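Summary of structural features
Now for the letters of each chain:
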Amino acid sequence: MKLRRVLGVAIAGVLMAPGVAFAQSVEQWIEAGRRLRADGNYTQAEQVLQRAVLQYPENSRAHAHLCNVLDDLDRLRDARQACQKAIAVDNQNAWAYFLLGFVAKRQRDYDVAAANFQRFLEFEPDDAVTYSNLGQVQYEQGDTAGAIASYRRAIQLNNQDAVTYNNLGIALSRQGNSTQAIATLSRSIELNPNYALAYYNRGNAYYRQRRFNEAIADYERALQINPDFQNARENLQNARRRGR
């Protein structure tokens, strides 16, 4: 969720520079903070948005934008509190539910993450990104069938995301469906031919089917892309031993 950097921002009625801050409305504060965040100046963006919520404590959007930048700064507890405040102020702020779900996922609080992603989907039922995130959470919860359903819904909405295909392939493998996993991971690789993790996961699926030559080829390709991929190196050695 990170973007990149600037030292000063000037917009109508707003001047943001080191040591100088002035805005005439909450929307100007939010826009200044948003621009700073978009340029990667997260610390200054936080300062701007802290000022916004101080002056306009009943503005849910200001709290949500603060949550977003605190997440960028890896201050997850503070980010979570800002998201919760955004929802307390306005329980119809859909974006705040998504942000809270994302922060909770990073904290490995999967029950809270799932509940907030599902709440967001009540507002935005056709959001592929949220279904993909929900699938990741369900997988971590041990709900493999739920994860597969969420990933498939995400793909219905956006069939061009290599990461979602990769994650679906992993879930199918866990379910014991190596053949479908291989097909799904192959699609991930079609979309991103330099996706080392998809080659690694497809190699694992081939390995489970005792198709060691195909597994070896995928592990080797994963290592060509990422020479530091230690798990792929170890699995490659195992596949070579088994394939003799």
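A few points about the overall build of the chain
From N to C terminus, the chain includes 13 helices and three strands. Along the three orthogonal principal directions, the C-alpha set of the chain runs to about 70 × 35 × 30 Å. A buried classification covers 49% of the 244 residues belonging to the chain. Sequence separation of at least 24 residues holds for 50% of the intrachain contacts in the chain that already meet a minimum separation of 6. Surface summary for the chain: the accessible area is close to 12100 Å², and the carbon and sulfur share equals 46%. In the chain, the 30 positive side-chain charges and the 25 negative ones have mean positions that sit 7 Å from each other.

Some points on the state of the cysteines
Throughout the structure, instances matching the rule amount to one disulfide. The disulfide partner of Cys-67 is Cys-83, and the S-S distance across this bridge is 2.0 Å. Across the S-S bond of Cys-67 and Cys-83 the torsion is about -60 degrees, and the bridge reads as left-handed. Pair noted here: Cys-67 is in helix α3 (residues 60–72) and Cys-83 is in helix α4 (residues 76–89), with a separation of 16 residues, a long-range link. The pair formed by Cys-67 and Cys-83 is uniform in burial state, with each residue classed as buried.

A closer look at the packing of helix α5 (residues 94–106) against helix α7 (residues 128–140)
At a minimum axis separation of 11 Å, α5 and α7 run at an interaxial angle of 30 degrees. The angle between α5 and α7 falls in the class roughly parallel. The way α5 lies across α7 gives a crossing that is left-handed. Taking contact as the criterion, the partners of Phe-98, Phe-102 and Lys-105 in α5 are, on α7, Val-129, Thr-130, Asn-133, Gln-136 and Val-137. By residue class, the composition of the contact of α5 with α7 is four nonpolar, three polar and one charged.

Observations concerning the packing of α3 against α5
The N-to-C vectors of α3 and α5 enclose an angle of 25 degrees; their axes lie 10 Å apart at closest approach. Between α3 and α5, the crossing angle belongs to the class labelled roughly parallel. Seen from above, α3 lies across α5 with left-handed handedness. Contacts from Ala-64, His-65, Cys-67, Asn-68 and Asp-71 in α3 reach Trp-95, Ala-96, Leu-99, Phe-102, Val-103 and Arg-106 in α5. A breakdown of the residues in the contact of α3 with α5 according to their chemical character gives seven nonpolar, two polar and two charged.

Considerations on the nonpolar core
Grouped together as the largest cluster of nonpolar side chains are 42 residues, with contacts concentrated most on Ala-62, Leu-66, Cys-67, Val-69, Leu-99, Phe-117 and Val-137. Counting residues per element, the ones that place at least two in this core are α1 (26–38), α2 (42–55), α3, α4, α5, α6 (110–123) and α7. Sort the elements by how many residues they give to this core and α5 lands first, with nine residues. In terms of nonpolar packing, the next biggest core, distinct from the first, is built from 29 residues, Ala-162, Ala-196, Ala-205 and Phe-229 among them.

Notes on helix α11 (residues 196–208)
Each full turn of the α-helix corresponds to 3.6 residues, which orients residues three or four apart in the same direction. Over its 13 residues, α11 runs 19 Å from end to end, which matches the ideal 18 Å to within 8%, given 1.5 Å per residue. The element α11 is largely enclosed, with a buried count of 10 among its 13 residues. The inward-facing, buried residues of α11 contact α9 (162–174), α10 (178–191), α12 (212–225) and α13 (230–242). Positive backbone phi, at 65 degrees, marks Arg-210, one or two positions downstream of α11.

Remarks on the confidence of the model for the chain
Per-residue pLDDT for the chain has a mean of 91; in total, 90% of the residues score no lower than 70. A low-confidence stretch, residues 1–20 (pLDDT under 50), is modelled with 64 contacts involving residues beyond four sequence positions or located in other chains.

What to know about the side chain of Glu-46
Within the element layout of this structure, Glu-46 appears in helix α2. A relative accessible area of 11% means that Glu-46 is categorised as buried. Contact partners of Glu-46, with chain neighbours within four places excluded, come to Leu-66, Val-69, Leu-70, Leu-73 and Arg-75.

Scoring rules and cut-offs
- Residues numbered from 1 in each chain as written.
- Predicted model: local features only at pLDDT ≥ 70, side-chain atom pairs only at ≥ 80, totals over all residues.
- Heavy atoms only, no water.
- Helix = DSSP H or I, 4+ residues; strand = E, 2+ residues; numbered from the N terminus.
- Buried < 20%, exposed > 50% of the residue type's maximum accessible area, 1.4 Å probe, protein only.
- Contact = heavy atoms within 4.5 Å.
- Areas by Shrake-Rupley, 256 points an atom, 1.4 Å probe, with all protein chains shown as cover.
- Lys, Arg positive; Asp, Glu negative; His and termini not counted.
- Charge placed at Lys NZ, Arg CZ, Asp CG, Glu CD.
- Disulfide = S-S within 2.5 Å.
- Axes fitted to C-alpha atoms, helices over the stretch in contact; angles between N-to-C directions.
- Parallel < 35°, antiparallel > 145°, perpendicular 65-115°, else oblique.
- Left-handed = near helix turned anticlockwise from the far one by under 90°.
- Nonpolar A, V, L, I, M, F, W, Y, C, P; charged D, E, K, R; others polar.
- Core = buried A, V, L, I, M, F, W, Y, C linked by side-chain atoms within 4.5 Å.
- Expected span 1.5 Å × (residues − 1).
- pLDDT = per-residue confidence, 0-100.

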